[in-house]
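Remarks on the overall topology
Each chain, written out:
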Amino acid sequence: MELVAASKMKRAQQTALAGRHYAVLLAEILASIAPRVENVSHPLLKKRPVKTRGILLITTDKGLCGPLNSNLFRVITEIEGEAKFVSIGRKGTQFLSRSGRDLLADFSIDDQVTFREVRLVAEFMIEQYLAGNIDTLEVVFPRFVNTLVQESATVSLLPIPDLKTMIESLRSHSKPEENERPATNDDREMLFDPDAPSLLKALLPLYLNREIYQFALNSKASEHSARMVAMKAANDNASNLLDDLTLEYNKARQAAITQEILELASAGSST
Amino acid sequence: MPLHLEIVTPEDRVYDNTIDSVVLPAATGEMGILPGHIPVVAQLEAGELQVTTNGKTELLVVGRGFARVEGDAVSVLAESAINEEQIDEKAVEEAIARAEKALTEAGDSDPAEVERLEGLLRFTAAQLIVKRRKR
């Protein structure tokens, strides 16, 4: 299991890396329409009083991955006030329904996360947000730091503070040098098809989708590395135990043999 | 001066080449891009993308997305993309049948699911149209 988890972890990390170009390009497109839509109001950009928080919890489907899920549950228990939950992953669904929290929907994603699966989640969340069932969208997921360390992270996605933060957040997924493209010295007026506000309207859900996709990939990488470490520890513990037991057994065997030889010797000398 | 075309999907960068011209399936109609085109940001529908390099035309099928032309670089941001040669007609037909079946079963119960299936259907149908026309 340790080896299986290790290979799955590698794949999850590679997928996360391969998706970086997309984030960079999305950021660039957003940046190029940003100056044109500064005064456009969009429900996803508008702040409103927070009555009910919307929490998207990303957990694993299976156990045996160390304290990964319980750390996330601790974050959830600390949430005060009214909140509604949406869960990705079976462990999270079980926890939320057992603890009697308001679970709006649960989704499951495959080990190899596809963009389509995540789009379903993103669309559901946006719908709930626009309908006023939830007033924020926060994602709680295990962020991958390195193979040994995963931290429970809470990231707020909705309402979107402003376009600049969006662009920054997309760029933060990639290395700085990749953002330094050779500047195209094209100062002709940019054409928009259709107009810039409609483009923005289409781009915002895509942005959310992309962010949630990134989080899902990230939590998959965390899951597999946590499992790898947990399984390695279990493996080591088992072999230690085995060593101890073998030693114990050999001692007992040796004692029994010595005992028998002594008995034979004493029987022989007495005759 | 040649154009540079890149097609990026969430999973990977699928196309990255120097080309002569490209026709994009923009939401408001097809849009031909030649070198020296005015900078543009356009929304794309699922459909075919014609790439011409040295007189040869290559067909690619893309899902919904966006395109940006700036200077001599054309960047396409699509949810999915496939080269015409990679399309397996049989598999596509099966996929369409599956999607249509799921669509009728889903009915109006879940708009998000219906929307997703319709997107899938558009992409696969576009693949089939392109493949058939080639013959």
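Residues numbered from 1 in each chain as written. Chains lettered and ligands numbered in written order. Predicted model: local features only at pLDDT ≥ 70, side-chain atom pairs only at ≥ 80, totals over all residues. Heavy atoms only, no water.

Structural notes on the overall build of chain A
This is how it is decided: Helical segments are the DSSP runs of H or I of at least four residues, strand segments are the runs of E of at least two, and each set is numbered from the N terminus. For this measure, only C-alpha atoms enter the radius of gyration; the expected value for a globule follows 2.2 Å times N^0.38, where N is the number of residues. We call two residues in contact whenever any of their non-hydrogen atoms come within 4.5 Å of each other.
Counting its regular elements, chain A contains eight helices and six strands. Each helix and strand of chain A, placed in order from N terminus to C terminus, yields the pattern α-α-β-α-β-α-β-α-β-β-α-α-β-α. The globule rule puts the C-alpha radius of gyration for 271 residues at 18 Å, and the 28 Å found for chain A is more than 25% above it. If one aligns the C-alpha atoms of chain A with their principal axes, the spans along those axes are about 115 × 50 × 25 Å. Partitioning the contacts of chain A with sequence separation of at least 6, the portion at a separation of at least 24 is 75%.

Thoughts on the domain arrangement of chain B
Residues and elements named next belong to chain B. Going by this rule: Residue ranges for the domains originate in an automatic or database domain assignment. Accessible area that two parts lose when put together, with a 1.4 Å probe and added across both, is what the buried area reports. Put simply, a salt bridge is a Lys or Arg side-chain nitrogen that is within 4 Å of an Asp or Glu carboxyl oxygen. Counted as a polar contact is a pair of N or O atoms within 3.5 Å, where, for protein atoms, one must be capable of donating a hydrogen and the other of accepting one, and residues adjacent in sequence contribute only when both atoms are in side chains. Polar here means any residue other than Ala, Val, Leu, Ile, Met, Phe, Trp, Tyr, Cys and Pro, which are nonpolar, and Asp, Glu, Lys and Arg, which are charged; Gly is therefore polar.
On domain assignment, one finds that chain B holds domain 1 (3–84) and domain 2 (88–133). A C-alpha centroid distance of 23 Å is found between domain 1 and domain 2. Counting residues at the interface gives 13 residues for domain 1, matched by eight residues for domain 2. Interface of domain 1 and domain 2: buried area, both sides summed, is about 860 Å²; carbon and sulfur atoms make up 62% of it. The interface formed by domain 1 and domain 2 includes zero salt bridges. Remark: the boundary between domain 1 and domain 2 carries zero residue pairs in polar contact (both at pLDDT 80 or more). Taken together, the elements giving at least two residues each to the side of domain 1 that touches domain 2 come down to strand S6 (47–53), strand S7 (56–62) and strand S10 (81–83). Tallying contributions element by element places S7 first for the side of domain 1 that touches domain 2, with three residues. The residue makeup of the side of domain 1 that touches domain 2, split by class, is six nonpolar, three polar and four charged.

Digging into the environment of Leu148 of chain A
Within the element layout of this structure, Leu148 of chain A appears in the loop between strand S4 (137–144) and strand S5 (150–158). For Leu148 of chain A and Ser222 of chain A, which are 74 residues apart along the polypeptide, the C-alpha to C-alpha distance reads 9.1 Å.

Examining the pattern of salt bridges
Basically, it comes down to this: When accessible area is computed with a 1.4 Å probe and restricted to protein chains, residues below 20% of their type maximum are described as buried, those above 50% as exposed, and intermediate ones as partly exposed.
Applying the stated criterion to the full structure yields 14 salt bridges over all chains. A salt bridge links Glu223 of chain A to Arg227 of chain A, with the nearest nitrogen and oxygen atoms 3.2 Å apart. Placement of both Glu223 of chain A and Arg227 of chain A in helix H8 (residues 196–270) is noted, with a separation of four residues, approximately one turn of the helix. Given a relative accessible area of 5%, Glu223 of chain A falls into the buried group. Between Arg13 of chain B and Glu6 of chain B there is a salt bridge, and its shortest N-O distance comes to 3.2 Å. Beyond isolated ion pairs, a larger network of salt bridges with shared partners links Lys8, Asp111, Lys220, Glu223 and Arg227 of chain A.

Quick look at the pairing of strand S3 (residues 103–107) of chain A
All names here are of chain A. Counted only if it meets this: A pair of strands is considered paired only if DSSP assigns at least 2 bridges between the two. When the strands point away from the viewer, a crossover counts as right-handed if the path from the first strand over the helix to the second runs clockwise.
In the sheet, strand S2 (residues 83–88) pairs with S3 via four bridges, with the strands oriented parallel. Following the sheet pairing, Ser87 is matched in S3 by Asp106. Regarding topology, helix H4 (residues 90–98) serves as the crossover connection from S2 to the parallel S3, and that connection is right-handed.

With respect to the packing of helix H2 (residues 20–33) of chain A against H8 of chain A
Residues and elements named next belong to chain A. Applied cut-off: For helices, the axis comes from a line fit to the C-alpha atoms of the stretch in contact; other axes are also lines fit to C-alpha atoms, and the angle between any two N-to-C directions lies between 0 and 180 degrees. When an angle is under 35 degrees it counts as roughly parallel; over 145 it counts as roughly antiparallel; between 65 and 115 it counts as roughly perpendicular; any other value is oblique. Crossing handedness follows the turn of the near helix against the far one: under a right angle anticlockwise gives a left-handed crossing, and clockwise gives a right-handed one.
The geometry of H2 relative to H8 is characterised by a closest axis approach of 11 Å and an angle of 150° between their N-to-C directions. Taken as axis vectors, H2 and H8 run roughly antiparallel relative to one another. By crossing handedness, the relation of H2 to H8 is classed as left-handed. On the side of H2, the interface is formed by Tyr22, Ala23, Leu26, Ile29, Leu30 and Ile33, while H8 contributes Ala196, Leu199, Leu200, Leu203, Leu206, Tyr207 and Arg210. Within the contact of H2 with H8, the residues separate by chemical class into twelve nonpolar, no polar and one charged.

Section: the interface of chain B and chain A
Contact with chain B, which involves 36 residues of that partner, is made by 33 residues of chain A. For the pair chain B and chain A, the summed buried area comes to about 3,200 Å², and 60% of that belongs to carbon and sulfur atoms. The largest contributions to the chain B side of the interface with chain A come from Pro10, Val41 and Leu77 of chain B, which together make up 20% of the buried area. Where chain B packs against chain A, one counts two salt bridges. One salt bridge in this structure joins Glu28 of chain A and Arg68 of chain B, with 2.9 Å as the shortest N-O distance. Run the count over chain B and chain A and you get five residue pairs in polar contact (both at pLDDT 80 or more). Looking at the side of chain B that touches chain A, the elements that each hand over two or more residues are strand S1 (3–8), strand S5 (40–44), strand S8 (65–70), strand S9 (73–78) and helix H2 (111–134) of chain B. Considering each element in turn, the side of chain B that touches chain A owes the most residues, six residues, to H2 of chain B. Considering only residue class, the side of chain B that touches chain A consists of 17 nonpolar, eight polar and eleven charged. Alignment of strand S6 (residues 191–193) of chain A against S5 of chain B, held across three bridges, turns out to be parallel.

Let's talk about the side chain of Ser75 of chain B
Residue position: Ser75 of chain B is located in strand S9. Here Glu6 of chain B takes part through its side chain, which lies 3.4 Å from a polar atom of the side chain of Ser75 of chain B. Every residue in contact with Ser75 of chain B, bar those within four places of it in the chain, is listed here: Leu25 of chain A together with Glu6, Phe66, Ala67 and Arg68 of chain B.

Examining the packing of aromatic side chains
Residue and element names in this part refer to chain A. Quick note on the threshold: Paired rings are identified among Phe, Tyr and Trp, the last through its six-membered ring, by centres lying within 6.5 Å, and are further divided according to the angle between planes into stacked (under 30 degrees), edge-to-face (over 60) and tilted (the rest).
Tallying each qualifying case throughout the model produces five aromatic pairs over all chains. Ring plane angle 5° and centroid distance 4.1 Å describe the contact between Phe73 and Phe95, whose orientation is recorded as stacked. Taken together, the residues span a long stretch of sequence, with Phe73 in helix H3 (residues 68–77) and Phe95 in helix H4 at a distance of 22 residues. The class of Phe95 is buried, set by a relative accessible area of 18%. Between the aromatic rings of Phe141 and Phe215, the centroid separation amounts to 4.5 Å while the plane-to-plane angle is 25°, which identifies the pairing as stacked. Residue Phe141 is located in strand S4, and its partner Phe215 is located in helix H8; the two are separated by 74 residues in the primary sequence. Look at Phe215 and you get buried, because its relative accessible area is 5%.

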